[in-house]
Amino acid sequence: GSANIKQRNHSEQEAFNTGNTGVNLGVNLNSDDDNYLAILQLQTITLDNAQFRNSAGATMQWQRSLNDSSRFTSYLQYSSLTYPDQETLDANRYVLGVAYATTLGNKGSMPVYAGAYVGAEEEIDSTQPHLGYTLYGVRAGGEMKINERFTAFSSASLESRNHDTEDSLFLEKRSDTQADIRIGVNYFPAKKWTVGTQLAYTNGDSNIVINKYDRTQFSVSVRRDFN
């Protein structure tokens, strides 16, 4: 099980304050080279300090160890999305994906992974068919041990979303592409302590210009493990 609370506040533009609260509860079963995972997930997103979107769903995952250093994973996700103040946006979301992970380098010092997924978000209100879309995505990443104190990591992902019908305002089918790139370094100053630095860039492209955006974030985190 796990729980998390995140809040981002803007000192002058409170309308852009966002929050994210989530709870996960699941079971994990190991059987020889196979691992089975089932998780129930609840999430609430707030905007301007009010509920914006609620999500309730589940994830089913099967992972197979191919050898000492490689594994294959497949998963299915379902989410029921509800918008308290905009019920026309309510939808059901489905994602089916696969991934492969292995280690490279001397003594497995460089773990890497790659994956792909497909999915759909289906509108519940039949009068809003332009809100439904299909999605396709790929992602890859890895980590490299520099020495006993430092590791470097990077990842990249690309997702395409194609809406089912024409947008009622812009009179064309909306098509979005989102690209994410992340690089960083982890520093281990002492046993069970990690200091991480990360630079992340997101580019959202769309054939409807008001949906285009890009974002750059730099973050520093401190983590203490207790197990």
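For the structure, see preceding data.
Residues numbered from 1 in each chain as written. Predicted model: local features only at pLDDT ≥ 70, side-chain atom pairs only at ≥ 80, totals over all residues. Heavy atoms only, no water.

Engineer: Can you explain the overall build of the protein? Please cite residues and give values.
Structural biologist: Each helix and strand counted, the protein has zero helices and 12 strands in total. When its helices and strands are written in sequence order, the protein yields β-β-β-β-β-β-β-β-β-β-β-β. Projected onto its principal axes, the C-alpha coordinates of the protein cover approximately 55 × 45 × 35 Å. Of the contacts formed within the protein by residues at least 6 apart in sequence, a portion of 43% connects residues at least 24 apart. (Helix = DSSP H or I, 4+ residues; strand = E, 2+ residues; numbered from the N terminus. Contact = heavy atoms within 4.5 Å.)

Engineer: Account for the environment of Thr-165, with residues named and values stated.
Structural biologist: Looking at where Thr-165 falls in the secondary structure, it is placed in strand E9 (residues 150–166). Residues Thr-165 and Ile-210 lie 45 residues apart in sequence; the distance between their C-alpha atoms is 18 Å. Separated by 3.5 Å, the side chain of Thr-165 and the backbone oxygen of Pro-129 make a polar contact. (Polar contact = N/O pair within 3.5 Å; in protein donor to acceptor, adjacent residues only side chain to side chain.)

Engineer: Mind laying out a nonpolar patch on the surface, listing which residues take part and the relevant values?
Structural biologist: On the surface, Ile-181, Ile-183, Leu-199, Tyr-201, Phe-218 and Val-220 cluster together into a nonpolar patch covering about 590 Å² of accessible area. For the nonpolar patch, the elements supplying multiple residues, two or more each, are strand E10 (173–187), strand E11 (193–206) and strand E12 (213–224). With respect to the helices and strands, Phe-218 occurs in strand E12. (Patch = residues over 30% accessible without salt bridge, like charges linked within 9 Å, V, L, I, M, F, W, Y side chains within 5 Å. Areas by Shrake-Rupley, 256 points an atom, 1.4 Å probe, with all protein chains shown as cover. Salt bridge = Lys/Arg side-chain N within 4 Å of Asp/Glu carboxyl O.)

Engineer: Now, about the pattern of salt bridges: what can you tell me, with residues and values included?
Structural biologist: In the structure shown here, the tally under the stated rule is seven salt bridges. A salt bridge links Asp-34 to Arg-64, with the nearest nitrogen and oxygen atoms 2.9 Å apart. With Asp-34 in strand E3 (residues 34–47) and Arg-64 in strand E4 (residues 50–65), the pair connects residues that are 30 residues apart, well separated along the chain. Residue classification places Asp-34 among the buried positions, given a relative accessible area of 12%. In this structure Arg-64 comes out as partly exposed when scored by relative accessible area, which is 33%. Close ionic contact of Glu-159 with Arg-161 constitutes a salt bridge, the shortest N to O distance being 2.6 Å. One exposure class covers both Glu-159 and Arg-161, and it is buried. (Buried < 20%, exposed > 50% of the residue type's maximum accessible area, 1.4 Å probe, protein only.)

Engineer: Lay out the layout of surface pockets in plain terms, naming residues and giving numbers.
Structural biologist: In this structure, the second largest pocket encloses a volume near 270 Å³. Lining the second largest pocket are 19 residues; nearest its centre among them are Arg-71, Tyr-100, Ala-101, Val-112 and Tyr-113. Where the lining of the second largest pocket is concerned, the elements lending two or more residues are strand E5 (71–82), strand E6 (91–104) and strand E7 (110–123). If you tally residues by element for the lining of the second largest pocket, the top one is E7, at seven residues. (1 Å grid on protein atoms, 1.4 Å probe; cavity = no way out; pocket = protein on both sides within 12 Å on 5 of 7 lines; lining within 4 Å. Points joined across faces, edges and corners; volume = space filled by probe spheres on them.)

Engineer: Please set out the side chain of Glu-121 residue by residue, giving values where relevant.
Structural biologist: Tracing the sequence through the fold places Glu-121 in strand E7. On the accessibility criterion, Glu-121 (11% relative accessible area) is buried. Within the structure, the side chain of Glu-121 is placed 3.3 Å from the side chain of Arg-93, a separation counted as a polar contact.

Engineer: Explain the sheet that holds E3 to me, using residue names and the numbers behind them.
Structural biologist: Here we have 12 strands laid out as an open sheet, ordered E1-E2-E3-E4-E5-E6-E7-E8-E9-E10-E11-E12, and antiparallel in their pairing. The sheet is open, and its two borders are formed by strand E1 (2–8) and E12, each paired with just one other strand. Averaged over all adjacent pairs, the angle separating strand axes in this sheet is 15 degrees, with direction ignored. One ladder, built from 12 bridges, connects E11 with E12; its direction is antiparallel. The residue bridging Trp-193 from the neighbouring strand is Arg-224, located in E12. (Pairing = 2+ DSSP bridges. Axes fitted to C-alpha atoms, helices over the stretch in contact; angles between N-to-C directions.)

Engineer: Summarise the packing of aromatic side chains; cite the residues concerned and give the values.
Structural biologist: In this description, a pair of aromatic rings is defined by centroid distance and the angle of the planes. Enumeration according to the criterion identifies four aromatic pairs in this entry. Both rings, one in Phe-150 and one in Tyr-187, keep their centres 4.9 Å apart while their planes meet at 25 degrees; by these two values the pair is stacked. Remark: Tyr-187 occurs in strand E10 and Phe-150 occurs in strand E9; sequence separation between them is 37 residues. Taking the relative accessible area as the measure of exposure, Phe-150 reaches 33% and is therefore partly exposed. (Phe/Tyr/Trp six-rings, centres within 6.5 Å; stacked < 30°, edge-to-face > 60°.)

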